Amino acid sequence: MLLTSPLLHPLRSLNLSSATATPFLHGGPAANAVPSFAAVHPRPTVPAQHAPSFLPTIRAMRLMQGRVVCATSDKTVAVEVVRLAPHPKYKRRVRKKKKYQAHDPDNQFKVGDFVQLEKCRPISKTKTFLARSVPARGAKKSQGDGDGTGELGIPLESQQQKQEGA
């Protein structure tokens, strides 16, 4: 039943030469076929889309503040950022905490310091922030040289009494 079958005998006479082959037998287009839409109407080349210059760039999550919770690694600090977000069910604002690894090139930050995280290029697999120093939230501003003058440079009332008595 190999090739001697009467059903396979007509297939032996089938010639697959390019002159007598049907247009789509080998998967190619027909020679006299209608050209495709893409060939008739080529797609225009569009330059790369850029944001208009008058719109400001969106810099979401570029700066964050947090507290250093781990400073044991070399040139790396772990910073815990606390934010308030609404609870999905109860709609009450709850604290959400997240830890980020930040680059500290001078090893200047200790545990408990408040730092500002600035987004930068990836430094390692987990470090994409740079730690910058910010004053603590409860820190008192210095009163100048300690000469007893107020913000406007006018001596305080208590200091005027001391000067008059001297």
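As shown above, the structure is provided for reference.
Treat the numbers as computed from the prediction; the structure is a model and nothing was measured.

1. Some thoughts on the packing of aromatic side chains
A complete count under the given rule lists 1 aromatic pair for this structure. On the basis of an interplanar angle of 70° and a centroid distance of 5.2 Å, the ring pair of Tyr 100 and Phe 129 is categorised as edge-to-face. Here Tyr 100 is found in strand S3 (residues 93–103), whereas its partner Phe 129 is found in strand S5 (residues 127–133), with 29 residues between them in sequence.

2. Some points on the pairing of S3
Of the strand pairs in this sheet, strand S2 (residues 76–86) and S3 are connected by 11 bridges, and their pairing is antiparallel. Its bridge partner lying in S3, Glu 80 is registered against Lys 99. The turn linking S2 back onto S3 is made up of 6 residues, and Lys 91 within it adopts a positive phi angle of 60°. Bridge count between S3 and S5: 3 bridges; the pairing is parallel. Residue pairing across strands places Gln 101 opposite Lys 127, the latter belonging to S5.

3. Describing the nonpolar core
One finds Met 64, Val 68, Val 77, Val 79, Val 81, Tyr 100, Ala 102, Phe 109, Val 115, Leu 117, Phe 129 and Ala 131 forming the largest nonpolar core, which totals 12 residues. With 3 residues, the top contributor of residues to this core is S2. Setting aside chain neighbours within four positions, we find Val 68 in contact with Val 77, Ala 78, Val 79, Phe 109, Lys 110, Val 111, Gly 112, Asp 113 and Val 115.

4. Here's the deal with unusual backbone geometry
At Lys 91, a position not held by glycine, the phi torsion is positive, near 60°. Although it is not a glycine, Asn 107 adopts a positive phi angle of roughly 50°. Counting through the fold element by element, Asn 107 comes out in the loop between S3 and strand S4 (114–119). Classification of Asn 107 as partly exposed rests on a relative accessible area of 33%.

5. Concerning the sheet that holds S4
Strand order in this closed barrel of 5 strands is S1-S2-S3-S5-S4, and the pairing throughout is mixed. Mean inter-strand twist for the sheet, computed between neighbouring axes without regard to direction, equals 50°.

6. Let's talk about the pairing of S4
Every regular strand shows the same layout, with side chains that alternate between the two sheet faces. Pairing analysis gives 5 bridges linking strand S1 (residues 63–70) to S4, with the strands arranged antiparallel. Residue Met 64 lies in a different strand from S4, and its bridge partner there is Leu 117. Summarising the sheet, S4 and S5 pair through 5 bridges and their orientation is antiparallel. Bridge pairing in S5 links Leu 117 to Ala 131.

7. Observations regarding the pattern of salt bridges
Enumeration according to the criterion identifies 2 salt bridges in this entry. In this structure, Glu 80 and Arg 67 form a salt bridge, with 3.9 Å as the shortest nitrogen-oxygen distance. Placement of Glu 80 in strand S2 and of Arg 67 in strand S1 is noted, with a sequence separation of 13 residues between them. Residue Glu 118 is joined to Arg 132 by a salt bridge in which the shortest nitrogen-to-oxygen separation is 3.1 Å. Remark: Arg 132 occurs in strand S5 and Glu 118 occurs in strand S4; sequence separation between them is 14 residues.

8. Remarks on the environment of Glu 80
Overall, Glu 80 belongs to the buried group, its relative accessible area being 19%. It is 9.2 Å that separates the C-alpha atoms of Glu 80 and Cys 70, two residues lying 10 residues apart in sequence.

Cut-offs and rules
Residues numbered from 1 in each chain as written. Predicted model: local features only at pLDDT ≥ 70, side-chain atom pairs only at ≥ 80, totals over all residues. Heavy atoms only, no water. Phe/Tyr/Trp six-rings, centres within 6.5 Å; stacked < 30°, edge-to-face > 60°. Helix = DSSP H or I, 4+ residues; strand = E, 2+ residues; numbered from the N terminus. Pairing = 2+ DSSP bridges. Core = buried A, V, L, I, M, F, W, Y, C linked by side-chain atoms within 4.5 Å. Buried < 20%, exposed > 50% of the residue type's maximum accessible area, 1.4 Å probe, protein only. Contact = heavy atoms within 4.5 Å. Axes fitted to C-alpha atoms, helices over the stretch in contact; angles between N-to-C directions. Salt bridge = Lys/Arg side-chain N within 4 Å of Asp/Glu carboxyl O.

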